[in-house]
Amino acid sequence: MISIDSIHRTALTLMSKAAIEIPDDYLDGLRRAAEAEDGDLSAFVLQAMLENYDAAKEDGRAMCGDTGCPRWYVKLANEARIEGGPVALEQALRRATADATHNIPLRPNRVHPLWRTDHDNNVGIAAPEIEVAFEPDGDWIELTTVHKGGLFGTDYRMLFPSDGIEGIRRFYLDSLVAFGKRGLACQPAIVGIGLGGSKDACMVLGKRAACLRTVGDRNPDPKIAALEREFIDLGNSIGMGAMGFVGKSMVVDCHIEVGYCHTGGMQMSVHAFCLSSRRACARLHGDGRIEYRTDPQWFTPYQRRETVEWPPAAVTAAVA
Amino acid sequence: MNKLRLSTSPDRAALAALSLGDVVYLDGTVYTAREGVYRRVVEDGEALPPGLTAESATNFHCSPAATVEADGSYTVGAVTATASFRFSKWIGPWLDRSGAKLILGKGGMNPEDYRAHFVPNGAVYLTTVGYGTGALLGRGIRRVRAVHWRERLGLAQAVWVVEVANFGPFLVESDLAGSSLFERENAKIAAGLDKVYEGTRPAVMKRFGETDDRRDEMI
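Conventions used here
Residue positions are given per chain, counting from 1 as you read along its sequence in written order. By the order in which they are written, chains take letters starting at A while ligands take numbers starting at 1. Local features in a predicted model are, by the rule used here, given only for residues with pLDDT of at least 70; side-chain atom pairs are given and counted only at 80 or more, and totals for whole chains, interfaces and linings are based on all residues. Helix and strand definitions here come from DSSP, where helices need a minimum of 4 consecutive H or I residues and strands a minimum of 2 consecutive E residues; each element is numbered from the N-terminal end. Our exposure labels follow a C-beta count within 10 Å of each residue's own C-beta, placed from the backbone: buried means 20 or more other C-beta atoms, exposed means 12 or fewer, and partly exposed covers the counts in between. By the convention adopted here, residues make contact when the C-beta atoms placed from their backbones lie within 7 Å. Radius of gyration here uses only the C-alpha atoms, and the compact-globule reference equals 2.2 Å multiplied by the residue count raised to the power 0.38. Each helix should span, by expectation, one fewer than its residue count multiplied by 1.5 Å. Each pair of strands is called paired provided DSSP finds at least two bridges between the two strands. The axes used here are C-alpha line fits, helices contributing only the stretch in contact, and every angle between their N-to-C directions lies in the interval 0 to 180 degrees. Note on residue classes: Ala, Val, Leu, Ile, Met, Phe, Trp, Tyr, Cys and Pro are nonpolar, Asp, Glu, Lys and Arg are charged, and everything else, Gly too, is polar. For the domain bounds, the source is a domain assignment made automatically or taken from a database. The term nonpolar core refers to a set of buried Ala, Val, Leu, Ile, Met, Phe, Trp, Tyr and Cys residues connected through C-beta atoms within 7 Å. For a crossover, the right-handed case is the one in which the path from the first strand over the helix to the second runs clockwise, viewed with the strands pointing away from the viewer. Throughout, the term roughly parallel applies to angles under 35 degrees, roughly antiparallel to angles over 145, roughly perpendicular to angles from 65 to 115, and oblique to all others. By definition, turning the near helix anticlockwise from the far helix through less than a right angle yields a left-handed crossing, and turning it clockwise yields a right-handed one.

Draft legend 1. Region of the structure containing the overall build of chain B. Assigned secondary structure in chain B consists of nine helices and nine strands. Along the first, second and third principal axes, the C-alpha atoms of chain B reach 60 × 40 × 35 Å. Across the 219 residues of chain B, 44% fall into the buried class. When contacts within chain B are restricted to residue pairs at least 6 apart in sequence, those whose partners lie at least 24 apart make up 64%.

Draft legend 2. Up close: the overall build of chain A. Along the backbone of chain A there are eight helices and nine strands. The C-alpha atoms of chain A give a radius of gyration of 19 Å, which matches the 20 Å a tight globule of 320 residues would have. Split into buried and exposed, the 320 residues of chain A put 51% on the buried side. Nonlocal contacts in chain A, meaning residues at least 24 apart in sequence, comprise 77% of its contacts between residues at least 6 apart.

Draft legend 3. Spatial organisation of helix H7 (residues 222–236) of chain A. All names here are of chain A. Over its 15 residues, H7 extends 21 Å from the first C-alpha to the last, a length consistent with the 21 Å expected when each residue adds 1.5 Å. Looking only at H7, the buried set comprises Leu227, Glu228, Phe231, Leu234, Gly235 and Asn236. Close packing links the buried residues of H7 with helix H5 (164–180), strand S5 (189–196) and strand S6 (251–259).

Draft legend 4. The arrangement of the sheet that holds strand S4 (residues 155–159) of chain A in detail. Residue and element names in this part refer to chain A. Sheet architecture is open: four strands sit in the order S4-S7-S5-S6, paired in mixed fashion. Edge positions in the sheet fall to S4 and S6, since each of these pairs with one other strand and no more. Between one strand axis and the next, the sheet turns by 15° as a mean value, whatever way the strands run. Across five bridges, S4 lies against strand S7 (residues 266–273) in antiparallel orientation. When the bridges of S7 are listed, Leu159 appears paired with Met266. Lying on the sheet, helix H6 (residues 199–212) is in contact with S4, S5, S6 and S7; it crosses S5 at an angle near 150°.

Draft legend 5. Examining the interface of chain A and chain B more closely. Contact with chain A, which involves 53 residues of that partner, is made by 48 residues of chain B. Elements supplying a minimum of two residues to the side of chain A that touches chain B: helix H3 (40–59), S4 and H5 of chain A. Classifying every residue of the side of chain A that touches chain B gives 27 nonpolar, eleven polar and 15 charged.

Draft legend 6. Geometry of the sheet that holds strand S3 (residues 141–148) of chain A. All names here are of chain A. With mixed pairing, the five strands of this open sheet are ordered in space as S2-S1-S3-S8-S9. The sheet is open, and its two edges are formed by strand S2 (130–135) and strand S9 (290–293), each paired on a single side. The mean inter-strand angle of the sheet, taken between neighbouring strand axes irrespective of direction, is 20°. Bridge count for strand S1 (residues 69–77) against S3 is eight bridges, and the pairing is antiparallel. Of the residues in S3, the one forming a bridge with Cys69 is Lys148. Its contacts with the sheet put helix H1 (residues 4–20) on S1, S3, strand S8 (279–284) and S9, and the angle it makes with S8 is roughly 155°.

Draft legend 7. Looking closely at the domain arrangement of chain A. Residue and element names in this part refer to chain A. The domains assigned to chain A are domain 1 (4–17 + 62–149 + 279–319) and domain 2 (151–273). Taking only C-alpha atoms, the centre of domain 1 and the centre of domain 2 are 24 Å apart. Each partner contributes residues to the interface: domain 1 has ten residues there, and domain 2 has nine residues. For the side of domain 1 that touches domain 2, the leading source of residues is S3, giving three residues. A per-class count over the side of domain 1 that touches domain 2 returns five nonpolar, two polar and three charged.

Draft legend 8. Spatial organisation of helix H2 (residues 24–36) of chain A. Taking 1.5 Å of rise per residue, 13 residues should cover 18 Å, and H2(A) covers 18 Å from first to last C-alpha, within 8% of that figure. In this fold, the buried residues of H2(A) make contact with H3, S5 and S6 of chain A.

Draft legend 9. Quick peek at the nonpolar core. Core analysis: the largest hydrophobic core is formed by 142 residues, its most contacted members being A:Val45, A:Ala62, A:Met63, A:Ala189, A:Val191, A:Ile193 and B:Leu126. Counting the residues that make up this core, at least three belong to each of domain 1 (4–17 + 62–149 + 279–319) and domain 2 (151–273) of chain A. Ignoring anything within four residues of it in the chain, the contact list for A:Ala189 reads A:Gly153, A:Val251, A:Val252, A:Ala272, A:Phe273 and A:Cys274.

Draft legend 10. Expanded view of the pairing of S2(A). Residues and elements named next belong to chain A. As defined by bridge partners, S1 adjoins S2 across six bridges and the pair is classed as parallel. Note on S2: the bridge partner recorded for Trp72 is Ile130. In this view, the connection linking S1 to its parallel neighbour S2 by way of helix H4 (residues 85–103) has right-handed handedness.

Draft legend 11. Broad picture of the packing of H2(A) against H3(A). Residues and elements named next belong to chain A. Contact geometry for H2 and H3: axes closest at 9 Å, N-to-C directions at 150°. What the angle tells us is that H2 and H3 run roughly antiparallel. As for the relative orientation of H2 and H3, their crossing is left-handed in sense. Here Leu27, Leu30, Arg31, Ala33 and Ala34 of H2 come into contact with H3, specifically with Ala43, Leu46, Gln47, Met49, Leu50 and Tyr53. Across the contact of H2 with H3, the residue classes tally to nine nonpolar, one polar and one charged.

Draft legend 12. Spatial organisation of unusual backbone geometry. Residue and element names in this part refer to chain A. Of note, the amide linkage connecting Ala127 to Pro128 takes the cis form, showing an omega dihedral of -5°. With respect to the helices and strands, the residue Pro128 is situated in the loop between H4 and S2. You will see that Asp120, though not glycine, has its phi angle at about 60°, which is positive. Structurally, the position occupied by Asp120 is in the loop between H4 and S2. Owing to 18 C-beta atoms within 10 Å, Asp120 belongs among the partly exposed residues under this scheme. Of note, the phi angle at Cys186 is positive, near 55°, even though the residue is not glycine.

This is the structure:
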């Protein structure tokens with residue numbers, strides 16, 4: 001049985017880690033971008049960002065003043081038991097979001113869309129988002145918080161099979177060029193692309209691709225992995241760098257996730273996870289152990305299963 | 001790149017010395033004002049809090065990550081600008097009424113706004129860097145002097161008056177002549193875009209926005 005108290009305390013720690021500590025995989029990616037960047041303004045910006053990450057950790061303050069929109073991804077292993085059940089879990093995550101907003105502090109970004117009512121705690125109707133998925137084996141739960149920027153860098157388009165790779169390439173470039181100018185996408189970013197699904201599933205897949213996979217991770221489908229590599233190079237060949245200045249650091253990594261879609265369509269979404277790629281994860285075991293990490297390891301063989309059955313547990317465990 | 005310190009109530013000579021792309025650190029007092037404040041001052045014609053414009057000529061498009069403690073004091077963590085282009089419709093009368101000479105924000109404004117409003121008011125635009133050097137900017141904050149209009153506008157939209165030292169980095173985005181760093185960089189990048197788009201194809205189904213003629217068919 002996993003206690004609600006440990007869920008609340010772990011969630012508070014995760015909120016703080018996400019807001020303050022840039023994950024190592026993104027940091028290493030940005031360092032490589034900074035070394036390669038030869039545009040003087042872009043290089044200055046990247047250097048300032050690297051100093052900013054250090055300042056955030058040293059001072060224990062949020063790395064960016066726009067602390068984004070906190071959200072939660074929850075994984076439940078099949079044998080996990082939670083004190084108070086799933087409703088208590090949701091309540092604990094909402095409470096931790098409110099408490100952490102005050103304690104860290106985070107910016108109270110969440111308001112009512114029409115009345116602009118602000119509870120000053122990032123909690124409101126449908127906020128924070130709490131998404132839940134399952135895994136076949138184990139008695140653990142995993143909590144991942146992502147504090148994603150809320151305004152620019154994301155787009156959706158219904159493409160069709162006849163658009164082909166050329167059409168996908170065009171919409172990818174359109175998204176980067178449109179939101180890259182003046183640096184509105186806060187690039188260099190981890191770019192996530194969702195292909196297929198339905199409109200909502202396509203958005204969800206693309207967002208998870210951006211926020212829940214680490215720099216250097218490749219899709220297990222070799223042809224999709226090749227497309228990811230091509231898109232990293234394509235994005236960095238636009239001639240645009242940080243803040244939209246002349247440069248070549250636009251994309252730290254590109255992750256593509258696919259979902260089966262209507263036979264006549266090819267939905268596509270593009271998402272930019274920004275210079276403050278804030279994510280933190282923990283696994284809470286049934287015996288009380290808690291392990292923290294920055295890689296959510298979300299896309300297991302089970303999550304990407306192709307049909308009714310799924311790969312055996314040993315394969316899943318090796319990845320997780 | 002040129003690095004310099006600047007007062008938050010700069011005289012014209014200090015502003016004239018700024019070149020596009022210079023790195024600037026500020027000393028003095030800055031205040032936040034964004035859509036909530038602009039609407040109240042420009043549309044509703046309300047006066048700014050007494051003494052504010054004498055205290056500072058620097059308006060930051062920003063909401064701090066800050067909290068009000070039980071004893072009424074303020075804790076400011078990180079500070080990051082919000083995108084300024086959204087304030088275009090208010091900026092002319094705002095510069096006139098506030099007397100602001102420095103606008104700090106994210107991403108600059110439309111170059112037309114510089115020419116129409118900034119130049120006649122002798123104001124320049126400084127952009128934050130990154131974006132999101134929130135922790136570095138947070139270090140430049142000495143103390144919160146006042147928070148105005150919090151009850152009506154909420155923490156994020158209130159007027160935060162903060163004392164700053166070595167507050168930065170910022171980049172000079174517009175100068176007294178109304179030139180824009182982003183406009184200059186966009187033009188350079190645009191020259192190479194046709195080549196980047198080789199091997200792509202327009203979508204088979206168009207969208208409004210790609211045409212503004214609502215009589216058009218999208219297929």
